[in-house]
Amino acid sequence: MTGRQPNAGGKVLFVCARNAWRSPTAETLFRSRSGWWTRSARTSRVARMRVTSAHLGWADVVCGMEHGHAKRLHPEFPAALDKLSAER
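To start, this report covers the structure provided alongside it.

## So, the pattern of salt bridges
Throughout the structure, instances matching the rule amount to 3 salt bridges. When the shortest N-O distance is used, the salt bridge between Glu66 and Arg22 registers 2.5 Å. Within this pair, whereas Glu66 is found in the loop between β3 (61–64) and α3 (67–76), its partner Arg22 is found in helix α1 (residues 22–31), the two being separated by 44 residues in sequence. Judged by its relative accessible area of 39%, Glu66 falls in the partly exposed class. Arg22 gets classed as partly exposed once you look at its relative accessible area, which sits at 36%. The residue Arg31 makes a salt bridge to Glu27 at a minimum N-O spacing of 3.0 Å.

In structure tokens form, the structure reads like this:
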């Protein structure tokens with residue numbers, strides 16, 4: 001994660017494989033927190049909203065629902081590595 005304080009607010013992108021349940025749910029729940037803006041996207045090729053460089057450029061923090069989701073982004077978007085955070 002970046003050096004932001006936990007309650008400072010910012011833009012968070014939640015990612016998971018298909019963007020069907022986990023990342024959209026996290027997006028919706030986290031959106032209610034004051035000062036935070038949220039979006040969600042997928043890492044796999046077949047799903048609703050695939051991660052793009054525009055998503056990553058927008059986000060202050062990228063949260064993978066699993067460690068593997070964040071790892072999948074690295075080969076295609078190596079510059080975003082400093083924004084990645086993942087549950088282990």
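## Structural notes on the pairing of strand β1 (residues 10–16)
By the criterion of burial, β1 is predominantly enclosed, with 6 of the 7 residues buried. Where the polypeptide runs from β1 across α1 and back to strand β2 (residues 36–42), its parallel neighbour, the crossover connection is right-handed. Bridging between β1 and β3 involves 4 bridges; their strand directions are parallel. Bridge pairing links Val15 to Gly64 in β3.

## Focus: α3
If you check which residues of α3 are buried, you get His69, Ala70 and Leu73. The buried residues of α3 all sit within an arc of 95 degrees when viewed along its axis, so they share a single face. Opposite the buried face of α3, by more than 90 degrees, sit the exposed residues Lys71 and Pro75.

## Here's the deal with the pairing of β2
Buried residues dominate β2, accounting for 5 of its 7 residues. In this sheet, β2 lies alongside β1 in parallel orientation, the contact comprising 7 bridges. Bridge pairing in β2 places Val15 opposite Ala41.

Definitions and cut-offs
Every chain's residues receive numbers from 1 upward, in the order its sequence appears when written. Residues qualify for local features only when their pLDDT is at least 70, as the model is predicted, and side-chain atom pairs are given and counted only at 80 or more; totals for whole chains, interfaces and linings, by contrast, use all residues. Only hydrogens and water are set aside when side-chain values are computed; all heavy atoms of the structure are taken into account. Any Lys or Arg side-chain nitrogen located within 4 Å of an Asp or Glu carboxyl oxygen qualifies as a salt bridge. The helix and strand labels rest on DSSP assignments: H or I over at least four residues marks a helix, E over at least two residues marks a strand, and numbering proceeds from the N terminus. Buried residues are those whose accessible area, probed at 1.4 Å on protein chains only, stays under 20% of the maximum for their type, while exposed residues exceed 50% and partly exposed ones sit between those limits. The crossover handedness rule: strands pointing away from the viewer, path from first strand over the helix to second strand clockwise, crossover right-handed. For two strands to be treated as a pair, DSSP must find no fewer than two bridges joining them. The arc in question is traced by the directions running from the helix axis to the C-beta atoms.

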